[in-house]
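Examining the three-dimensional arrangement
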Amino acid sequence: MMRVRPFLIAAGVLVGGYAALSFLGAILLNRDLNQVSACEVRLGRLSLALMHYASDHDGNLPAASAWASAIVGTEPSLHQVISEADFKCPQARSAYGYAMPASLGGASLYDLKHPESTVLLVEYETGSMNGVATDPGAIPRGRHGGRVAVVYADGHGGGINYIAAREELADTLKLGHAGNATSR
Ligand SMILES: [Zn+2]
């Protein structure tokens, strides 16, 4: 890493360029936030479809390796059929954009001890529509200015810092087989 130059020099640059930089920064930030919002809406629809699936299967989620296949073509809200395009993040460099933690495959939503902090779906670098999250490090840091869209097992979600998202995925992966280890 480069060392920061004495701040007097930096201050001279900043005074001249601050207005332009902050204006540019506001535009970029706004663009990033708009895109993470689009991601949040998309993940919200996918999680709603998963909730419907679970309610049709005694509370059980599909296998992690088939979660997207289980809900594509379903209609979680009126006239909003889930299509393959819904599994892509506009900013993803990988073919698809989202994943379900491996520990939640086949898990019962009713048995989760802390659904409000259990990651149900999260942005992830994956080439599969049925992305399976096994590595917190594969949560991208560069899609939306360091923020990633995440939805929890209680259905709430939002855009959060990628470091926090990685920590929450790591905790969710500790739930172990079928996500129920902490409920015993
Ligand atoms: Zn995204």
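The structure displayed is predicted, hence computed values, not measured ones.

Looking at the sheet that holds strand β5 (residues 157–161)
- Reading across from one edge, β3-β1-β2-β4-β5 is the order of the five strands in this open sheet, with mixed pairing throughout. Edge positions in the open sheet fall to β3 (132–133) and β5, since each of these has one partner strand only.
- Across two bridges, the pairing between strand β1 (residues 96–101) and β3 is parallel. Paired with M100 across the bridge in β3 is V132.

A few points about the nonpolar core
- In this structure, L50, Y98, L120 and V122 are the most contacted members of the largest nonpolar core, which totals 39 residues.
- When residues of this core are traced back to their parent elements, those giving at least two are α1 (7–56), α2 (67–71), β1, β2 (119–126), β4 (147–152) and α3 (162–173).
- Looking at which element gives the most residues to this core, the answer is α1, with eight residues.

A look at the pairing of β5
- Across five bridges, β4 lies against β5 in antiparallel orientation. Bridge pairing in β5 places V151 opposite G157.
- The hairpin turn running from β4 into β5, its antiparallel successor, is four residues long, and G155 in that turn takes a positive phi close to 95°.

Observations regarding unusual backbone geometry
- The phi torsion at D58 lies on the positive side, around 55°, for a residue other than glycine.
- D58 sits in the exposed class, given 9 other C-beta atoms within 10 Å.
- Residues other than glycine seldom take positive phi values, yet H79 does so here, at roughly 60°.
- Among the structural elements, H79 can be located in the loop between α2 and β1.
- For H79, a count of 5 C-beta atoms within 10 Å corresponds to the exposed category.

Analysis parameters
- Residues numbered from 1 in each chain as written.
- Predicted model: local features only at pLDDT ≥ 70, side-chain atom pairs only at ≥ 80, totals over all residues.
- Pairing = 2+ DSSP bridges.
- Helix = DSSP H or I, 4+ residues; strand = E, 2+ residues; numbered from the N terminus.
- Core = buried A, V, L, I, M, F, W, Y, C linked by C-beta atoms within 7 Å.
- Buried ≥ 20, exposed ≤ 12 C-beta atoms within 10 Å, placed from the backbone.

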